[in-house]
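Observations on the model geometry
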Amino acid sequence: MDLKARNCLLQNREALEKDIKTSYIMDHMISDETLTLLEEEKIKAWTTQRERAAALLKIILSKDNYAYISFYNALLHEGYIHLADLLHDDIPIIFPYNGKNSMDRATSYVKTVLCEGGVPQLPMFFVTRSEQAKRIQQKLLKLKSDPGWVIVFGMAGCGKTVLAAEALRDYSLLQDCFPGGVHWVSVGKQDKAGLLMKLQNLCVRLDQDLMYSQRPPLNIEEAKDRLRLLLLRKYPRSLLVLDDIWDSWVLKAFDCNGQVLITSRDRSVADSVPGNKYEVSLESGLSHEKALEILSLYVNMEMSELPEEADSIVRECKGSPLVVSLIGALLRDFPDRWEYYLKQLQNKQFKRIRKSSSYDYEALDEAMSISVEVLREDFRDYYRDLSVLQKDVKVPSKVFCVLWDIETEEAEDKLQQFVNKSLLFCDRNGKSFYYYLHDLQLDFLTEKNRSQLQVLHKNVVQQYKKHYKQYIPSQEDCMYWYNFLAYHMASAGMHNELCALMFSLDWIKAKTELIGPAHLIHEYVEYSQILDQKDSIACENFQEFLSLNGHLLGRQPFPDIVQLGLCQPENSEVYRQAKLRARQELDKGGFYVEWVNKKSMKNLYRLVVRPHKDAVYHACFSQDRKRIASCGADKTLQVFKTESGEKLLEVKAHDDEVLCCTFSSDGEFVATCSVDKKVKVWSSRTGRLLCVFEEHTEQVNCCQFNNMNYHQLQLATCSNDTCIKLWDLKKRCCRNTLFGHAGSVTHCRFSPDDKYVASCSADGTLKLWYVQSANEMKTVHIGDDFRKGDEYHDMEVLVKCCSWSSNSAIVMVAAKNKLFIWNIESSSKIADCRHMSGIHSVTFSSDGSLFLTSSNDQTIRVWETNKVCKSSAVVLKHNIDVLFLANEVMILAVDSSKHLQLINGYTGQTIYWNEGQELLICCCCLYEDMQMAAFGEENGTVKVLNLSSRKVVKSKSGHKTAVRHCQFTSNGKTVISSSDESTIQVWNWQSDECLLLEGHMESVKNFHLLKHSKLLSWSFDGTVKLWNTVTGELEKDLICHEGTIHSCAVSPDATMFSTGSADKTAKVWNVLKGELLHLCSSVSVDEGESAHGGWVTDLCFSPDSKILVSSGGYIKWWNVDTGEPLQTFYTNGTNLQSLYVSSDFKVFVTVDNLGILYVLRIME
């Protein structure tokens, strides 16, 4: 044991003997193999605790450094922090090697761990810098017990990577501190797409057996979560090495609360991440002696035998390990050229590239030029081809096989020649080799071959096309091409080929299915100028398709991109390609549906992003509209670019859900408020916390800066304590408190001129206040208008949020999933629109042309104000009935204004429209002669309507609650209806005879008429019942699900029936035996989602009983024999209630929760 460590134990012996309990300490030391079982028995033989502690210390003092370290770690693990602190400063460092080539002494264990982890091999001619390696190892030992960061920093070219790799070549360090292994990632300068690619590659490498996922992560957040899971469960106590980190935001993506070693030029790069940090500053380069030692190894001479030119060459290399290695490689091949190479360096006869390089090494360009010039001419051409590579990208050997049109072995042999001459670096991952240039080398090549770069990139593309014939490579070697083919085409000036690639639905499908939509969207932004010049309309078509469907393309199972394309406008290039591909697939047995009436659908928003992992509670623009801030249930504040969605800032803002965020008028600050009752103000650029306000007594729902005065910032906040507070940011105090709401205040906002504040409340009102006097100006009762003709008539209306237009004339208000736009002067509603689910925030842009909404559906949507104001506020409700005629589809629907509409489903034309009813219409049905209709009202009344005369001919008040479903029998004389009760009413409206079907224990969900006066009903009680509608007799009673049955259907041959339930499954049953035949639910879906996107609400068999269609969050068609899905149609909204199917199973009609009507037809 080191003398220093031994003295430390002796000095603190009394304190250690007094406090420690030996039993658990010895367990740890036995596990570390620093204490034997025999020694444990000897210690236990002593009587008292102190005697046992003294015996343990005596044994430790007789052992080596490993015993000291094991004892120290055991103290930490067992909570003796104060005792461990006594030993901390004298922890011995263990170095099993002292020679100049540590790799020669590395054990098989070390070789295996480093090879599997992708740690770079040490250079062929390597000189150890043991003192600097020891400093790194000493810091790494501090990560043994707790997570943290070791930051190795220094200037470019000082050998950070080699030193980090050298420090890891230690058996005891790996086994004691990182038994889970080492995982090396070369990061470099990255954008979002490049970072995602790095994370994807790392996750694939760590999960080669696909234990945790069948696909690469599709976005950075998913990759971070996957990495955290792998390091925690599959590789506990492992070391993650991040080589060459440039930006702090990149480092955040790897923040997995583990042990991390990073190399960087920037000492402060880790300031943005939490945890313990240990810094190691490296010298700028090799010492003169070390540089001479490297030269002596290259030329195989003793240092004392080196010629006198060696000293001068080392001085010209300015201590750069890279440059010394390049010159050494030259001298190894031409050992008599010492004087020649020195003159070349001194006279600087090679082209300087310092003007385009970010590296300050005057001798680099000379050394690089000399190294390349001595290559054989054909090898110089091969090396020139590397000019097209991107920085920090490791390229598999297969790519060079394609580029040079040679076999893998031949390509690797050529590349090894460059590696041997220090002109290229190689990493091995399993059986695969990956090659990359140092940034210095790539800078040199790029500048040297600048005039030829376009030709070189063109050659890459041509060789690619020659090898793969088409633009779609096979999956096993496609990652590089999917990431960089567009880059090579753009750099080659091959604009036609680039447009053909980017405007190809096949390419979009192949790329998004493998790596997600993020990188592709990035390329549309990157190359927009080229794409617009070629075909601006097609570019707009594809960008819109990706922007509005990216959230679908990122889900699992991967959606059919052809089916998504068929939903685009018919004049879209995306639709044209999808239609062509669909017809080709139909010949092979494919299954596709057309949205017949999609022309009536107007897209009101231009962008949909999904930055958070949970509900998004608020989103807002900066004043210049270049940035968006958002916050939500995941407790974070995020800032990202408006155009591309690129994340600029992410802050763990509060201890609970963050409910609101807002930019200051100058864009320098962002305020947040939370369920934790706190209001915080942050720097919008750095994420630094500036101040905290804590005067509200309940959760703070909203915060909003004033708009005009940059020098006198005010902040308005509101809370569940019913108060609105105005804060003075300069004095950091509350300036005024506004009282008047009777319930929780959900939102507040300054008018653009800062004269007024608008507030919304759970009491159903919008209030306007004078800022100067804090007096109330006006109250608008939003709840009253919301209830008119809406399905929420019997529920409390909570007014969620509001936003002013730029001229202070309009206020937009959100309640539930609806938006209302109001004129302040007239107090009149201008328009309204809807989200898929509850809206949490709405915000105008500064010029009022756009507005943002955030929602429970995890999306942030950017809407175009003019389109929304021009759109109709009247939308269809779920309750419709459909007649399928020879060449028409007629739809009877109830709209939000209590009208009945008869619509031609193919043309969208409204044929009939009656006067609004006094009471809310809850359901409707249409008789097949199109002369009679029936509808049910909220008071339980069923009415029969003559469509020609527009008069009610009969009514029946037989239900006690709102009528939910009604249907004519085949002869048109009887109307069957159900309500929220457990009974079904059979009413002959001509004779006024009425029969009640009683038997369900809970509310009847729906019913279906069969032949021969039979009726099938299903209920919240989980049963399906078969009735005789003439006698009222219950003929069959089946328990099918534990939860509510939302839908039921019988096959045309009456041998099977299917049920859909709240358990998010569809089941197919044998009618005679009551046995379960199939469970229609896919297992390969995103976590938290079902195969139907929600409850299964309706089902229908095809006439041949081979296909089953189901509705829920979207519509799916299933193969009944196999239970496998055939196709999925994603609606704009969700929560589909009923699906109407033509008798030939070719046309399908439904309405989503946004009031959008879908008439779908199977393609033939």
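Residues numbered from 1 in each chain as written. Predicted model: local features only at pLDDT ≥ 70, side-chain atom pairs only at ≥ 80, totals over all residues. Heavy atoms only, no water.

1. Concerning the overall build of the protein chain
Helix and strand counts for the protein chain come out as 33 helices and 60 strands. Burial analysis of the protein chain (1164 residues in total) assigns 57% to the buried set. Taking as baseline every contact in the protein chain between residues at least 6 positions apart, the subset at least 24 positions apart corresponds to 53%. Counting only carbon and sulfur atoms, one obtains 46% of the accessible surface of the protein chain, whose full area is about 49100 Å². (Helix = DSSP H or I, 4+ residues; strand = E, 2+ residues; numbered from the N terminus. Buried < 20%, exposed > 50% of the residue type's maximum accessible area, 1.4 Å probe, protein only. Contact = heavy atoms within 4.5 Å. Areas by Shrake-Rupley, 256 points an atom, 1.4 Å probe, with all protein chains shown as cover.)

2. Describing the confidence of the model for the protein chain
Per-residue pLDDT for the protein chain averages 81, and the proportion of residues at 70 or more is 83%. The least confident element of the protein chain is strand β30 (residues 828-834), whose mean pLDDT is 55; the most confident is strand β16 (residues 669-674), at 95. Segment residues 348-363 is flagged for pLDDT under 50; beyond a separation of four residues in sequence, or across chains, it makes 45 contacts in the model. For residues 789-797, every residue scores under 50 in pLDDT, and the model assigns this stretch 28 contacts once sequence neighbours within four places are set aside. (pLDDT = per-residue confidence, 0-100.)

3. Quick look at the sheet that holds strand β51 (residues 1056-1061)
Read from one edge to the other, the open sheet built from four strands follows the order β50-β51-β52-β53, with strand pairing classed as antiparallel. In this open sheet, the two edge strands, each paired with only one partner strand, are β50 (1045-1050) and β53 (1076-1080). In this sheet, adjacent strand axes meet at a mean angle of 20° when their direction is disregarded. Sheet analysis places β51 next to strand β52 (residues 1066-1070), joined by five bridges and oriented antiparallel. Across the sheet, residue S1058 finds its bridge partner in β52, namely V1068. (Pairing = 2+ DSSP bridges. Axes fitted to C-alpha atoms, helices over the stretch in contact; angles between N-to-C directions.)

4. Considerations on the pairing of strand β35 (residues 889-895)
Burial analysis of β35 places seven of its seven residues in the buried class, which makes it a mostly covered element. Here β35 shows no split at all, with V889, I891, A893 and D895 on one side and M890, L892 and V894 on the other all buried. Pairing geometry for β35 and strand β36 (residues 900-904), over five bridges, is antiparallel. Note on β36: the bridge partner recorded for M890 is N904. The turn linking β35 back onto β36 is made up of four residues, and K898 within it adopts a positive phi angle of 65°.

5. Description of the environment of I508
When you line up the elements, I508 lands in helix α27 (residues 505-515). Residue classification places I508 among the buried positions, given a relative accessible area of 0%. It is 10.0 Å that separates the C-alpha atoms of I508 and Y482, two residues lying 26 residues apart in sequence. For I508, the residues in contact, after removing those within four places along its chain, are M502, E513, L520, Y524, F542, L546 and I561.

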